[in-house]
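# What the coordinates show
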Amino acid sequence: MILLEVTNIVKHYQHGQALLRKKQIVSVLQDITFSLHAGECIGLVGQSGSGKSTLSRIILGLEKPTSGTVQFDGVNLYDANNKEKNSIRRDLQAVFQNSLNSFNPKQTIAEIIEEPLLNFEQFSRLERQQKVAELLHCVELDWTVTTKYPSQLSGGQQQRVNIARAIAVNPKLIVLDEAISSLDMILQKHILQLLQRLQQQLNLSYIFISHDLNATRFIADRVLVMHQGQIVEEIKKSAAIQHPASLELYNAILPTHPKNRKN
Ligand code: ADP
Ligand code: MG
């Protein structure tokens, strides 16, 4: 079953100079088309500036494309009625790179994780507490974090809270935009393994966005390579890489041991 269908997405930005009436149009996405099956993890890789985050905002309904459509679970994202919008807000979640920016610094961790439950569920206080405990267990965090504030947590713990909040209301798809990029290699691996386990347990779909081809290939069923606003290659699991833009990303990966590095 197709869960997400992205068709002919084009995005232009107009760069200012309104006073001079000289508007420069910058083309950021050019004719992006792909679809995602329920339960699938698609990787989206590309150099910085290739348009990944713009595409992720369009998929999340945070920004409108210049043209093209996004269908989520059979509903056109930009043509949905209020009831449909509400269920999309529940079924489509996101985790971004800088977790600290995505939290209200004045909320405790318990309040942060409870928020989607308050919005979407009719739980009693006790049921909410039980659900928070269950979610913390799912992301391997100790109950003692509930009374802390985001700034008191490590980067890895913050990303686990972000993931707990994203899975709180049983979404169908999570868009992860550079979700592990600010973490060191060991933590990245732990979070990738956690995401894999959750995907299995909760029957989730992911769009995993990163400039790191290695990490993306580890988790994704197939990887779409973006270059200057276009998808230039689709890399199937363990298939060879061909497009120059993909090879450039591949060569950017440093071997883990300094002795094996080229230069
Ligand atoms: P990536 O996530 O792959 O690094 P982005 O989607 O963030 O790429 O950016 C792609 C291009 O779009 C960049 O050149 C960026 O400057 C431009 N861009 C992104 N958002 C805006 C905006 N709101 N206004 C103008 N240009 C933008
Ligand atoms: Mg980005």
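For the structure, check the block above.
Small disclaimer: the values here were computed from a predicted structure and weren't measured. Sequence order as written defines the numbering, with residues in each chain counted from 1. Chain letters and ligand numbers both follow the written order, the letters beginning at A and the numbers at 1. The predicted origin of the model limits local features to residues at a pLDDT of at least 70 and limits the giving and counting of side-chain atom pairs to 80 or more, whereas totals for whole chains, interfaces and linings rest on all residues. Working from all heavy atoms in the structure, the side-chain values ignore hydrogens and water.

## Thoughts on the site of ligand 1
For this purpose, a residue is taken to be near a molecule or strand whenever a single non-hydrogen atom of the residue falls within 4 Å of it. As a matter of local geometry, ligand 1 sits amid Tyr-13, His-15, Val-28, Gln-47, Ser-48, Gly-49, Ser-50, Gly-51, Lys-52, Ser-53, Thr-54 and Arg-57. Lys-52 places a polar side-chain atom, nitrogen or oxygen, 2.8 Å from an oxygen atom of ligand 1. We call two N or O atoms a polar contact when they sit within 3.5 Å, provided that within protein one can donate a hydrogen and the other can accept it, with sequence-adjacent residues counted only if both atoms are side-chain atoms. Residue Thr-54 places a side-chain N or O atom 2.6 Å away from an oxygen atom belonging to ligand 1. The Shrake-Rupley method, run with a 1.4 Å probe, gives the accessible areas here. Residue values count only the displayed protein chains as cover. Protein burial of ligand 1: of its 560 Å² of free accessible surface, 61% is covered by the chains.

## A short note on the sheet that holds strand 4 (residues 67-72)
Strand pairing requires that DSSP identify at least two bridges connecting the strands. For helices the rule is a DSSP run of H or I covering at least 4 residues; for strands it is a run of E covering at least 2, with both sets numbered from the N terminus onward. A sheet is described by the order of its strands in space; here four strands give the open sequence 2-1-4-5, paired in antiparallel fashion. Of all the strands in the sheet, the pair left with one neighbour each is strand 2 (24-37) and strand 5 (75-76). Pairing between strand 1 (residues 2-15) and strand 4: five bridges, direction antiparallel. Its bridge partner lying in strand 4, Leu-4 is registered against Phe-72.

## Brief notes about the side chain of Ser-50
With respect to the secondary-structure elements, Ser-50 resides in the loop between strand 3 (41-46) and helix 1 (52-59). In this structure Ser-50 comes out as buried when scored by relative accessible area, which is 3%. Three exposure classes are used, based on accessible area relative to the maximum for each residue type with a 1.4 Å probe and protein chains only: buried under 20%, partly exposed in between, and exposed over 50%.

## A look at the pairing of strand 7 (residues 173-177)
Summarising burial for strand 7: five of the five residues are buried, a large majority. Residue alternation in strand 7 divides its side chains into two sets, Leu-173, Val-175 and Asp-177 and Ile-174 and Leu-176, and both sets are buried. When strand 7 meets strand 8 (residues 205-210), the two strands line up parallel, connected through five bridges. Across the sheet, residue Leu-176 finds its bridge partner in strand 8, namely Phe-208. When the strands point away from the viewer, a crossover counts as right-handed if the path from the first strand over the helix to the second runs clockwise. At this point the chain moves from strand 7, through helix 6 (residues 185-202), to the parallel strand 8, and the crossover so formed is right-handed.

## Considerations on the environment of Lys-236
By the element assignment, Lys-236 lies in strand 10 (residues 230-236). Remark: the alpha-carbon pair of Lys-236 and Ala-220, spanning 16 residues in sequence, is separated by 9.0 Å. The contact definition used throughout considers only heavy atoms, calling two residues in contact when any of these lie within 4.5 Å. Setting aside residues up to four positions removed in sequence, Lys-236 forms contacts with Arg-217, Asp-221 and Arg-222.

## What to know about the pairing of strand 9 (residues 222-227)
With five of six residues buried, strand 9 lies mostly within the body of the structure. Relative to strand 9, strand 3 runs parallel, the two being bridged by five bridges. Residue pairing in the sheet places Ile-42 in a bridge with Arg-222 of strand 9. For strand 9 and strand 10, the ladder comprises six bridges, and the chain directions are antiparallel. In the sheet register, Met-226 faces strand 10, and the bridge partner there is Ile-231. Counting the residues in the hairpin turn of strand 9 and strand 10 gives two residues, including Gln-228, whose phi is positive at 45°.

## A look at the environment of Asn-119
Counting through the fold element by element, Asn-119 comes out in helix 3 (residues 109-120). Judged by relative accessible area, which is 56%, Asn-119 ranks as exposed.

## A look at the nonpolar core
Leu-198 and Tyr-206 are the most contacted members of the largest nonpolar core, which totals 46 residues. The residues touching Leu-198, leaving out its near neighbours within four places in the chain, are Cys-138, Val-139, Ile-163, Ile-167, Asn-203, Leu-204 and Tyr-206. In terms of nonpolar packing, the next biggest core, distinct from the first, is built from 28 residues, Leu-77, Leu-92, Ile-207 and Met-226 among them. Side-chain atoms within 4.5 Å are what join buried Ala, Val, Leu, Ile, Met, Phe, Trp, Tyr and Cys residues into a set we call a nonpolar core.

## So, the sheet that holds strand 6 (residues 92-96)
Pairing is mixed across the open sheet formed by six strands, whose spatial order is 6-7-8-3-9-10. The open sheet has two edge strands with one neighbour each: strand 6 and strand 10. When the angles between neighbouring strand axes are averaged without regard to direction, this sheet yields 20°. Whenever a helix is involved, its axis is fitted only over the stretch in contact; in every case the axis is a line through C-alpha atoms, and angles between N-to-C directions fall within 0 to 180 degrees. Of the strands in this sheet, strand 6 and strand 7 are in contact with helix 2 (residues 82-91), which crosses strand 6 at around 40°. Against the sheet, helix 8 (residues 244-251) engages strand 3, strand 9 and strand 10, with an angle of about 105° to strand 9.

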